[in-house]
Amino acid sequence: DHGEAAAAGEHVGSAVIVLEPVVTNIAAPSDVWTRFEAVLKASAPVGKEVADLIHQDYMSFFHSMRLEDLEGASSFLDLKAELLSRANARAEGKIESIYIKILLFE
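The rules behind the values
Residues numbered from 1 in each chain as written. Predicted model: local features only at pLDDT ≥ 70, side-chain atom pairs only at ≥ 80, totals over all residues. Heavy atoms only, no water. Phe/Tyr/Trp six-rings, centres within 6.5 Å; stacked < 30°, edge-to-face > 60°. Helix = DSSP H or I, 4+ residues; strand = E, 2+ residues; numbered from the N terminus. Buried < 20%, exposed > 50% of the residue type's maximum accessible area, 1.4 Å probe, protein only. Expected span 1.5 Å × (residues − 1). Arc of directions from axis to C-beta. Contact = heavy atoms within 4.5 Å.

**Q** What am I meant to see in the packing of aromatic side chains here?
**A** The geometry of two aromatic rings is summed up by the distance between their centres and the angle between their planes. Scanning the entire structure with this criterion turns up 3 aromatic pairs. Plain terms: the ring middles of Phe-36 and Phe-62 are 4.8 Å apart, the flat faces sit at 35° to each other, and that makes the pair tilted. On the criterion of sequence distance, the pair formed by Phe-36 in strand β3 (residues 33-42) and Phe-62 in helix α2 (residues 48-63) is long-range, its members being 26 residues apart. In this structure Phe-36 comes out as buried when scored by relative accessible area, which is 2%. Ring centres of Phe-61 and Phe-62 lie 5.4 Å apart, and the angle between their planes is 75°; on these two criteria the pair is classed as edge-to-face. The pair Phe-61 / Phe-62 is uniform in exposure class, with both members buried. Feature note: the residues Phe-36, Tyr-58, Phe-61 and Phe-62 constitute an aromatic cluster, connected by ring pairs.

What follows is the structure, given as structure tokens:
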């Protein structure tokens, strides 16, 4: 099992998942594109298949987003909570935190 071997060389009980960048247009306005890059911290190693599923979920999520969803004082915290929840749905609750490196709309 590659997961156990990888865990032995990492920090005790944790794993870092660097997700592939998400680049897609959003739902409204549809001419606005987003680039999203993030790193996830997990309590245990997560396989590449799970990381790929999280990436696909994030792609669908951003593609269905409206720019107005990010308005308001707590919108960034709400976004982080939603992304963390989606990752945990795929990783069986192993994701402890999400670190957003890039969130760009243009």
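**Q** Would you mind going over α2 with me for this structure?
**A** Think of an α-helix as 3.6 residues a turn; residues three or four steps apart then line up on the same face. For α2, spanning 16 residues, the distance from its first C-alpha to its last is 22 Å, which sits close to the expected 22 Å at 1.5 Å a residue. Three or more residues of α2 are buried, namely Ala-51, Ile-54, His-55, Asp-57, Tyr-58, Phe-61 and Phe-62. Projected onto a plane normal to the axis of α2, the buried residues spread over an arc of 160° and lie on a single side. Those residues of α2 hidden inside the fold are in contact with β1 (15-18), β2 (22-25), β3, α3 (75-90) and β4 (95-105).

**Q** What am I meant to see in α3 here?
**A** Helix length check: α3, at 16 residues, gives a terminal C-alpha distance of 23 Å against a target of 22 Å (1.5 Å per residue), a fit within 8%. Taken together, the buried positions of α3 are Ser-75, Leu-79, Leu-83 and Ala-87. Buried residues of α3, viewed axially, fall in a sector of 110°; they line one side. Exposed side of α3, more than 90 degrees from the buried face: Leu-77 and Ala-89 are the residues found there. Tucked inside the fold, the buried residues of α3 contact β3, α2 and β4. Looking one or two residues beyond α3, the residue adopting positive phi is Glu-92, at roughly 55°.

These figures capture arrangement, not role.
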